[in-house]
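Examining the three-dimensional arrangement
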Amino acid sequence: MDIYLPIANLSVNALVIILLGGGVGLLSGMFGIGGGFLTTPLLIVYGIPPTVAAASSASQVTGSSVSGVSAHFRRGGVDVKMGAMMVTGGIFGSLFGAVLFSILQKSGQIDTVIAILYVVLLGSIGGLMFIESIGAIRKARSGTASRARKRRHHPLIASLPFRTRFYASGLYISPLAPMLLGFCIGILTTLLGIGGGFILIPAMLYLLGMHTRVVVGTSLFQTLFVTASATLVHATTTKSVDIVLATLLLLGSATGAQIGARFAQKVTPEYLRLALAVIVLLVGLRMALGLGWRPDEIYTVDLP
Amino acid sequence: MKLRALILTALLPLLIGATKPVLVPDVSQRDIDIVYSFTGADLLLFGAILYPGGQAPGPDEPPTDIVIVVKGPSQSILLREKQKVAGIWVNAESARYRSVPSFYAIASSRPVRDLVDDRTRAIYEFGLDRLQLSPASGMAPDTQSRFASGLVDLRKRAGLYYEAPDAVQITDRVLYRARVTIPARVPVGKFTAETFLVRDGRVLAAAVRDINIRKSGFERFVASAADRSSILYGLAAVALSVLLGWSAGAIWRRF
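Being a predicted model, the structure only gives us computed values, none of them experimental.

Conventions adopted
Residues numbered from 1 in each chain as written. Chains lettered and ligands numbered in written order. Predicted model: local features only at pLDDT ≥ 70, side-chain atom pairs only at ≥ 80, totals over all residues. Helix = DSSP H or I, 4+ residues; strand = E, 2+ residues; numbered from the N terminus. Rg over C-alpha atoms; globule rule 2.2 N^0.38 Å. Buried ≥ 20, exposed ≤ 12 C-beta atoms within 10 Å, placed from the backbone. Contact = placed C-beta atoms within 7 Å. Pairing = 2+ DSSP bridges. Axes fitted to C-alpha atoms, helices over the stretch in contact; angles between N-to-C directions. Nonpolar A, V, L, I, M, F, W, Y, C, P; charged D, E, K, R; others polar. Domains from an automatic or database assignment. pLDDT = per-residue confidence, 0-100. UniProt positions renumbered as here; feature names shortened; annotations may be inferred. Core = buried A, V, L, I, M, F, W, Y, C linked by C-beta atoms within 7 Å.

Side note on the overall build of chain B
- Counting its regular elements, chain B contains six helices and 12 strands.
- Whereas a compact globule of 255 residues would reach a radius of gyration of roughly 18 Å, chain B reaches 26 Å, over 25% beyond that.
- By the burial criterion, 28% of the 255 residues in chain B qualify as buried.
- A fraction of 71% describes how many contacts in chain B between residues 6 or more apart in sequence connect residues 24 or more apart.

Put into C-alpha cells, the structure is as follows:
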C-alpha cells in the first residue's frame, strides 16, 4: 500500500514503514529505550532524506515515550525535580542543536557529522554495555553475588556550586549537573533524532549516581519533553517534520513497544542487556562501514 | 482586376505550400493532483500534424518525425561531490547551478541523434548530453563536465531524467502519441510539454502545453501548514504523537 509523504515529497510503502516502526518499538519496549538511534538510520537506508528522517523520528520518540512516562509516574519512578532540570537544559540544547544543524547543513557536512556521531556514540556505549553485561553474566554463572557498587557521583559534579537536594534521587548536588547533561542530550536529539536514553541512563547512574529506581522513569521524562522540543525546533527551522511519516512509525512502534515490554519480563536482564549491546554495536559498525565504503551516490543535490 | 484575382487564385496552393506544417498537441492531464495515493503519473501526449493543403507527404518524401520534451520547473541547486578524505567519504567540491530542470524526459519517434545535427540538438536541448545547466561559478571545463555528468547520472537513476527514443508512435504520418512517466519524487509546479516536428534535419514546427502538478486535499493542507504556520504545525505534530502514544498504551493496558 503506497502512501505519499507530503513533506518528504515521495511515496513510500506504508506497510514497510509500519513494520519498521513495529520492529523498533519491539526493541524499545524490551530494552526501555526510545529507539530513535535505530529509526533514523533505517529511514535513511529506505531513502527518506536525512533531515526528514531525523525530524520525524524525534516526533515518533515523543509518542513512544508517553506511555512509559505515565507507567513510571504511577509507580513513583520519576524524579520530577531532577527531570525538570534536565528538560530545561535539554530545551536549550535542542535550540543550540538547531543552530549547529544549520551551520553544518550550509557547509555540506551534516551527513558526515551525523554518521561520525553515531559511530562514536554507538561504538563507545555499545562497547561499555557489552563488557559490563558479559561481566554480569559471568558473575551470575559462577554464583558469586555481585557486590552492590557504592552509589557515588563523580567528583567533578560535587565541585559544582548551588547544591540542592533531590529527594527522589537521593542526591545533594548542583542543579547545573543535570542541566548540562540535558543540554548535551538536547543537541543530540535535534541532530540525530534520538531520545538519548542509551546515553542518559548510564550517565545518570555512573556520573550523577542517582537511585536506580528513578533512573529509567526520569530519563523517559526528559526524552518526552526534549524530543517534543526538538520536533518544534525542526518544524520551525528545517520544516522537515513529516506528520504522515511520524504517524505511520507510531502506529507500528506503539504496538511493538507493548509486545516488547511483555516479552522483556520473561527474559533475564543480563541477557537482555547483552542483546541490546550487540544491536547497538552492529548499528554502529554498519555506520562505520558506510563512512569508509564508496557511497552509492557520489553527488548530492542541495536546494538552497 | 479580374486578372489579378485570377492570378491570386492560381497562386493560392503555392502560397499555402510555402507555409510549414502546424502541430496541434494535447496532453491527457492538464492538472495532476498529488493525493495520498500518488505514486507518479502516466502522461499521454498526443496530437495531430496539419500539413499545408491538408495533404500528408507521400512515402517517397523525407519522413516526418516528432520529438517531445517534458520539463519540470527549474531549480537553482548546489551540487556536492563526495571524495575520500582520510579514509572516509565526505562532501568536498561543490558547484552551483542557476537553473536546472527538476524533471526532463525526451521522447522521439526515432533516436534524436539520427534526426538532427549536434548544433540543433544544443539549440533545442535535445538529449541529456545537451542540457544547458548554466553553472553559476566559473568552473574549469573538465570539472564542469564531470559535475554535469554526475548530476545527470544521479537524476537518471532516480527516474527524473530520461531519454525514450522510439517512444513516439506516428499513425499515418498525421497522428502521434507518446507516453511519459513522471515519478512521485518530482517537485510541484508548472511542467511544460514541448512538441517539435522534425523533417530533413530541421525543426519545422513547435508547440507547448503546460501541465500543473500540485498537491491537493490533505497533502496540500499539510504542506502549506508546515510551511506557513510552522509553530502550530509543530505543536500539532507533538500533540498527535502524544495522543497516539498514550492511547496505544491505554488500549494495551486493558489486555
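What follows continues from the structure just given.
Quick word on the sheet that holds strand β9 (residues 169-171) of chain B
Residues and elements named next belong to chain B.
- Here we have four strands laid out as an open sheet, ordered β1-β3-β10-β9, and antiparallel in their pairing. A single partner strand is all that each edge strand has here, and the edge strands are β1 (22-27) and β9. Averaged over all pairs of adjacent strands, the angle between their axes in this sheet comes to 20°, without regard to strand direction.
- When β9 meets strand β10 (residues 175-183), the two strands line up antiparallel, connected through three bridges.

Examining the interface of chain A and chain B
- Counting from both sides, the interface comprises 46 residues of chain A and, opposite them, 47 residues of chain B.
- Elements with a minimum of two residues in the side of chain A that touches chain B: β1 (2-5), β2 (10-13), α3 (50-74), α9 (212-236), α10 (243-264), α11 (269-292) and β5 (299-302) of chain A.
- Broken down by class, the residue content of the side of chain A that touches chain B amounts to 22 nonpolar, 19 polar and five charged.
- Summarising the sheet, β5 of chain A and strand β5 (residues 74-85) of chain B pair through four bridges and their orientation is antiparallel. For Tyr-299 of chain A, the partnering residue across the bridge sits in β5 of chain B and is Glu-81 of chain B.

Some points on the domain arrangement of chain B
Residue and element names in this part refer to chain B.
- Partitioning chain B into domains gives domain 1 (20-214) and domain 2 (216-249).
- Relative placement of domain 1 and domain 2: their C-alpha centres are 37 Å apart.
- Across the boundary between the two partners, domain 1 contributes five residues, which contact five residues of domain 2.
- Of the residues assigned to the side of domain 1 that touches domain 2, the class counts are three nonpolar, no polar and two charged.

Notes on the confidence of the model for chain B
- Residue-level pLDDT values for chain B average 85, and 92% of them are 70 or greater.
- At the level of individual helices and strands, chain B shows its lowest average pLDDT in helix α1 (residues 2-18) of chain B, which scores 53, and its highest in strand β7 (residues 104-108) of chain B, which scores 93.

As for the sheet that holds strand β6 (residues 88-101) of chain B
- The three strands lie next to each other as β5(A)-β5(B)-β6(B), forming an open sheet whose pairing is antiparallel. Each of the sheet's edge strands pairs with one partner strand only, and the pair in question is β5 of chain A together with β6 of chain B. Strand-to-strand twist in this sheet, taken as the mean axis angle between neighbours without regard to direction, amounts to 25°.
- Bridging between β5 of chain B and β6 of chain B involves 10 bridges; their strand directions are antiparallel. When the bridges of β6 of chain B are listed, Val-85 of chain B appears paired with Ile-88 of chain B.

As for the UniProt feature "transmembrane region" (unreviewed entry) in chain A
- This chain's UniProt record puts "transmembrane region" (unreviewed entry) on residues 12-37, 82-103, 115-135, 180-207, 214-237, 243-264 and 271-293 of chain A.
- In residues 243-264 of chain A, helix accounts for 100% and strand for 0%; the two terminal C-alpha atoms are 30 Å from one another.

Description of the pairing of β2 of chain A
All names here are of chain A.
- Of the two faces of β2, only the one carrying Leu-10 and Val-12 is buried; Ser-11 and Asn-13 on the other face are not.
- Note that β1 and β2 share four bridges and pair antiparallel. Looking at the pairing, Tyr-4 lines up with Ser-11 of β2.
- Linking β1 to β2, which pair antiparallel, is a turn of four residues; within it Asn-9 sits at a positive phi near 60°.

Observations regarding the environment of Thr-40 of chain A
- Within the secondary structure layout, Thr-40 of chain A lies in helix α2 (residues 36-46).
- If sequence neighbours within four positions are ignored, Thr-40 of chain A has contacts with Ala-53, Ala-54, Ser-57, Leu-192, Gly-193 and Ile-194 of chain A.

Things to note about the nonpolar core
- Ranked by internal contacts, the top residues of the largest apolar core, which has 138 residues, are Val-67 and Ile-68 of chain B.
- Sorting elements by how many residues they give to this core places α9 of chain A first, with 13 residues.
- The residue makeup of this core includes at least three contributed by each of domain 1 (20-214) and domain 2 (216-249) of chain B.
- Non-local contacts of Ile-68 of chain B, meaning those with residues more than four positions away in its chain, are made with Leu-45, Ala-107, Val-168, Ala-178, Ala-193 and Thr-195 of chain B.
- In terms of nonpolar packing, the next biggest core, distinct from the first, is built from nine residues, Tyr-299 of chain A together with Ile-77, Leu-79 and Ala-95 of chain B among them.

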